[in-house]
Amino acid sequence: MASMTDLIFLLLIFFMITSTMVSPNAIKVLLPQGKQQTSAKPLTRVIIDKDLNYYAAFGNDKEQSVTLDELTPFLKACADKEPEMYVALYADVTVPYGEIVKVLNIANENHFKMVLATRPPESE
């Protein structure tokens, strides 16, 4: 059971460590806009498309379709290869918050560094 501190920590990660990355993704997701950017170069990508399909890829590998249950073993295998890895979550703007929290929980339980991919705001 997650404590209040864990929840606040997750929300802090969620809102403060957003990241904008330009990497060609075959899977089309419309990222939410965010102004805050970090220079972190994540090594593992987790993608949730608008139909709630999950994909994951390590480094420059091609994305592969995974289930939520397969995600933890996949990320652990990536962490074995690269202990300092970052996990970038690319979630379509229409993905419900609850789905994103599932991935954040996996990251939190396994002490993975997580960044949330966003796209730059459109100029006004």
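Located above this text is the structure these notes cover.
Counting restarts for each chain: residues are numbered from 1 in the order of the written sequence. Only residues with pLDDT of at least 70 get local features here, since the model is predicted, and only at 80 or more are side-chain atom pairs given and counted; chain-wide, interface and lining totals rely on the full set of residues. Side-chain numbers here rest on the full set of heavy atoms in the structure, without hydrogens or water.

Caption draft 1: Molecular detail of the overall build of the protein. Strands here mean DSSP runs of E at least two residues long; helices mean DSSP runs of H or I at least four residues long; both are numbered from the N terminus. Tallying secondary structure elements over the protein gives 3 helices and 6 strands in all. The order of α-helices and β-strands along the protein, N terminus first, is α-β-β-β-β-α-β-α-β. Per-residue burial for the protein yields a buried fraction of 42% across its 124 residues. The contact rule is simple, with two residues in contact once any of their heavy atoms fall within 4.5 Å. A fraction of 65% describes how many contacts in the protein between residues 6 or more apart in sequence connect residues 24 or more apart. Burial status follows relative accessibility: with a 1.4 Å probe on protein chains alone, a residue under 20% of its type maximum counts as buried, one over 50% as exposed, and anything between as partly exposed.

Caption draft 2: Layout of the side chain of Thr44. With respect to the element layout, Thr44 can be found in strand β2 (residues 44–48). Not counting residues within four places of it along the chain, the set of residues in contact with Thr44 comprises Ala57, Phe58, Phe74, Leu75, Cys78, Met85, Tyr86, Val87 and Ala88.

Caption draft 3: Quick peek at the pairing of strand β5 (residues 86–91). With 5 of 6 residues buried, β5 is to be regarded as a mostly interior element. Judged from the 5 bridges that link them, β2 and β5 form a sheet pairing that is parallel. Residue pairing for β5: Ile47 is matched across the bridge by Tyr90. At least two DSSP bridges between two strands are required for those strands to pair. As judged from the 4 bridges shared by β5 and strand β6 (residues 113–118), these two strands associate in the parallel manner. Bridged to Ala88 within β6 is Val115. Crossovers are described as right-handed under a simple rule: with the strands pointing away from the observer, the path leading from the first strand over the helix to the second runs clockwise. In this fold, β5 hands off to helix α3 (residues 97–109), which returns the chain to β6; that crossover is right-handed.

Caption draft 4: Here's a closer look at the environment of Ala107. Residue position: Ala107 is located in helix α3. When neighbours within four sequence positions are excluded, Ala107 is seen to be in contact with Phe112 and Met114.

Caption draft 5: Structural detail: the pattern of salt bridges. Between Lys or Arg on one side and Asp or Glu on the other, a salt bridge is scored when a side-chain nitrogen of the former is within 4 Å of a carboxyl oxygen of the latter. The full count for this structure, using the stated rule, is 4 salt bridges. Two residues, Arg45 and Glu63, come together in a salt bridge whose shortest N-O distance is 3.1 Å. Of this pair, Arg45 sits in strand β2 while Glu63 is found in the loop between β3 (54–58) and β4 (64–66), placing the two residues 18 residues apart along the sequence. Given the relative accessible area of 11%, Arg45 is considered buried. Glu63 sits in the buried class, given a relative accessible area of 12%. Among the ionic pairs, Lys102 bridges to Glu99, the shortest N-O distance being 2.9 Å. Here Glu99 and Lys102 lie together in helix α3, a separation of 3 residues that amounts to about one turn. With a relative accessible area of 35%, Lys102 lands in the partly exposed category.

Caption draft 6: Geometry of the packing of helix α2 (residues 68–81) against α3. Helix axes are fitted only over the stretch in contact, all axes being lines through C-alpha atoms; the angle between N-to-C directions runs from 0 to 180 degrees. Two elements in contact, α2 and α3, have axes whose closest approach is 11 Å; the angle formed by their N-to-C orientations is 30°. Here α2 is positioned roughly parallel relative to α3, judged by the angle of their axes. The chirality of how α2 crosses α3 is right-handed. Note on element contacts: α3 touches α2 through Lys102, Val103 and Ile106, opposite Leu68, Leu71, Thr72 and Leu75. Polarity classes work like this: nonpolar for Ala, Val, Leu, Ile, Met, Phe, Trp, Tyr, Cys and Pro, charged for Asp, Glu, Lys and Arg, and polar for all others, with Gly in that last group. Of the residues belonging to the contact of α2 with α3, the class tally is 5 nonpolar, 1 polar and 1 charged. An angle counts as roughly parallel when it lies under 35 degrees, as roughly antiparallel when it exceeds 145, as roughly perpendicular when it falls between 65 and 115, and as oblique in every other case. For any pair of crossing helices, the crossing counts as left-handed if the nearer helix is rotated counterclockwise from the farther one by less than a right angle, and right-handed if it is rotated clockwise.

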